[in-house]
Structure formats: structure tokens, C-alpha cells
Amino acid sequence: MVENWDDFLVPYKQAVDELKVKLRGIRAQFLKIDGRSPIEFVTGRVKPVDSIKEKMVRRHISEDRLEEDMEDIAGLRIMCQFVEDIYQVVDLLRKRTDINILEERDYVHNKKPSGYRSYHIIFEYPVQMLSGEKVILAEIQVRTLAMNFWATVEHSLNYKYKGEFPDDLKTRLERSAEAAFHLDEEMSEIRDELQEVKKQGPDKDVRKSSDENSHLQ
């Protein structure tokens, strides 16, 4: 049983703080070496006590099984510019020795019925406490900025309607989720085309300009 929630949540808060620093450190290294990073930015939170209690009731989780059965008390979110970046970040996380990945859920290419897309990683993380090492469960969600925008709006609407969306709103949300994913795909294609032009060098642009001018003479 949880006697003191503040004490219970201490290792989760420490884990979130430590991992935010580590993940932001990875972003800084990428920027220094390559000029861009697959990690756009990182956020993290510890689930509020009211939300924990609500989920315990909804998922039938007893207090004495809370540490084992609730995976997202500590949660981090990694935002990426492109869909390809998501999988690069996932590969980086798989190689880390400070986390032990237990489960991966790819909702990017296997979207939920609502249209929700994201990549979820459930893992164990050791926290060094005064009393010794404590291993906690935590979750990382990796998604694009477009996916995050949709998920944030959908979550706020879900809270307002208590999950009981009118059919027309549910359909429009699904369509908007697809529109967000198409935007991600379009931006990836634009990036690829720009990179191809860059590889071909400035000569192509010079020749193209000369050809265009010759038609005007």
C-alpha cells in the first residue's frame, strides 16, 4: 500500500529528470557533429496522483501491484521532425545500457482505431536512491511534431467528452489524423528531393538556368 504519495513518486521524478538530461545531451551531440538531430525536443512528466488513482480503477490495478502493473507513472516524450527520425531514435534507445527495454509498440505504421500514431517503449530504469538502487518502470513515446499536435488536441477533447465522441466528430478526428500523417510523408519527400538536388551540386542549377534563358532568346 502507498502510505505517502510524495515519497512513492520520488524515484519516478528522479528518473524523468535524469533521462531528460541524457536525451537532451544526445541532441546536443548530434547538432555539434551533423548540424541536425533526429531529436527535436524532449519533454517528461510524472503522472499526477489523481490520474494514477483513476487509472488504477479503470485498469483494475491494486496498490500493492502498482509498481509492477502501471508502466507510465514516469513518462517521457521525444519529438522528431520526420517519421524516419522516429526509428533512428528507437535504434539509439535499443543500444543504451542504462535502460532495459521490455516492450515496443509501433503505433506509427500500426495506428490505433482512433487514428493515433506514436512509437511506445516500455522499459526498466535503475535509480540510485540513498537506500540503494531501485528499478522502476517507465515509458518513452517517440512521435513527430504533427503526430504530437493531433494527439494533444485529441486528448483534450477526450477529456471534455469523457471518451464519448459523437460519430461525426470521431470521423473527423480520424481524417485529421490521416491528414497529419500525409503531411509527415510529404515533408519527408520534400527533404529527400532537396537532399538529392544538393548531392547533384550547383552545376545542375546553372545548366537549368542557361537552358531556360536560351528559350527566351
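Below or above, wherever it landed, is the structure these notes cover. All values reported here derive from a predicted model rather than from experimental measurement.

Across 6 bridges, the pairing between strand β3 (residues 100–106) and strand β4 (residues 119–129) is antiparallel. For I101, the partnering residue across the bridge sits in β4 and is F123. Where β4 hands over to strand β5 (residues 132–144), the hairpin turn is made up of 2 residues, counted between the paired strands.

For the rest of this paragraph, the subject is the nonpolar core. Soluble globular proteins tend to pack their nonpolar side chains together in the buried interior. Within the largest apolar cluster, 42 residues are counted, with the highest numbers of intra-cluster contacts made by L66, I73, I78, L93 and V142. At the level of elements, α1 (5–34), β1 (41–46), α2 (49–59), β2 (74–80), α4 (83–95), β4 and β5 are the ones that each hand at least two residues to this core. If you tally residues by element for this core, the top one is α1, at 10 residues. When neighbours within four sequence positions are excluded, L66 is seen to be in contact with V2, W5, F8, I52, M56, I61 and I73. Of all hydrophobic cores here, the second largest spans 8 residues; its members include Y107, L169, L173 and A177.

The next thing to look at is a nonpolar patch on the surface. Together, L183, M187, I190 and L194 make up an exposed nonpolar region whose accessible area comes to about 360 Å². Its place among the elements puts L194 in helix α6 (residues 167–200). Since its relative accessible area comes to 56%, L194 is described here as exposed.

This part takes up the environment of S114. Within the element layout of this structure, S114 appears in the loop between β3 and β4. The exposure class of S114 is partly exposed, given its relative accessible area of 29%. Along the backbone, S114 and T144 are 30 residues apart, and their C-alpha atoms lie at a distance of 17 Å. In contact with S114, not counting residues within four places along its chain, are W150, L173 and E174.

As for its placement among the helices and strands, D98 is situated in the loop between α4 and β3. Side chain to side chain, D98 and K22 meet in a polar contact 2.9 Å long. Here R96 takes part through its side chain, which lies 2.9 Å from a polar atom of the side chain of D98. Once residues within four sequence positions are removed from consideration, D98 is found in contact with K22, E124, Y125 and P126.

Counted by the stated rule, this structure contains 4 aromatic pairs. Considering the side-chain rings of F8 and Y12, the 5.6 Å spacing of their centres and the 40° angle between planes classify their relative orientation as tilted. In this pair, F8 and Y12 both sit in helix α1, 4 residues apart, roughly one turn of the helix. We classify F8 as buried; its relative accessible area is 14%. Ring plane angle 85° and centroid distance 5.8 Å describe the contact between Y87 and Y119, whose orientation is recorded as edge-to-face. Here Y119 lies in strand β4 and Y87 lies in helix α4, a separation of 32 residues in the sequence.

What follows concerns the pattern of salt bridges. Taken as a whole, this structure holds 16 salt bridges when the rule is applied. The salt bridge involving K55 is made with D72; its shortest N-O contact spans 2.9 Å. On the criterion of sequence distance, the pair formed by K55 in helix α2 and D72 in the loop between α3 (66–69) and β2 is long-range, its members being 17 residues apart. Taking relative accessible area as the criterion, K55 reaches 12% and is therefore assigned buried. Judged by its relative accessible area of 12%, D72 is buried. For E71, the salt bridge identified is with R105, shortest N-O distance 3.1 Å. Here E71 is found in the loop between α3 and β2, whereas its partner R105 is found in strand β3, with 34 residues between them in sequence. Judged by relative accessible area, R105 falls into the partly exposed class, the value being 22%. A cluster of three or more residues bridged by salt bridges with shared partners is formed by R36, E84, D85 and R191.

Cut-offs and rules
- Residues numbered from 1 in each chain as written.
- Predicted model: local features only at pLDDT ≥ 70, side-chain atom pairs only at ≥ 80, totals over all residues.
- Heavy atoms only, no water.
- Pairing = 2+ DSSP bridges.
- Helix = DSSP H or I, 4+ residues; strand = E, 2+ residues; numbered from the N terminus.
- Core = buried A, V, L, I, M, F, W, Y, C linked by side-chain atoms within 4.5 Å.
- Buried < 20%, exposed > 50% of the residue type's maximum accessible area, 1.4 Å probe, protein only.
- Contact = heavy atoms within 4.5 Å.
- Patch = residues over 30% accessible without salt bridge, like charges linked within 9 Å, V, L, I, M, F, W, Y side chains within 5 Å.
- Areas by Shrake-Rupley, 256 points an atom, 1.4 Å probe, with all protein chains shown as cover.
- Salt bridge = Lys/Arg side-chain N within 4 Å of Asp/Glu carboxyl O.
- Polar contact = N/O pair within 3.5 Å; in protein donor to acceptor, adjacent residues only side chain to side chain.
- Phe/Tyr/Trp six-rings, centres within 6.5 Å; stacked < 30°, edge-to-face > 60°.

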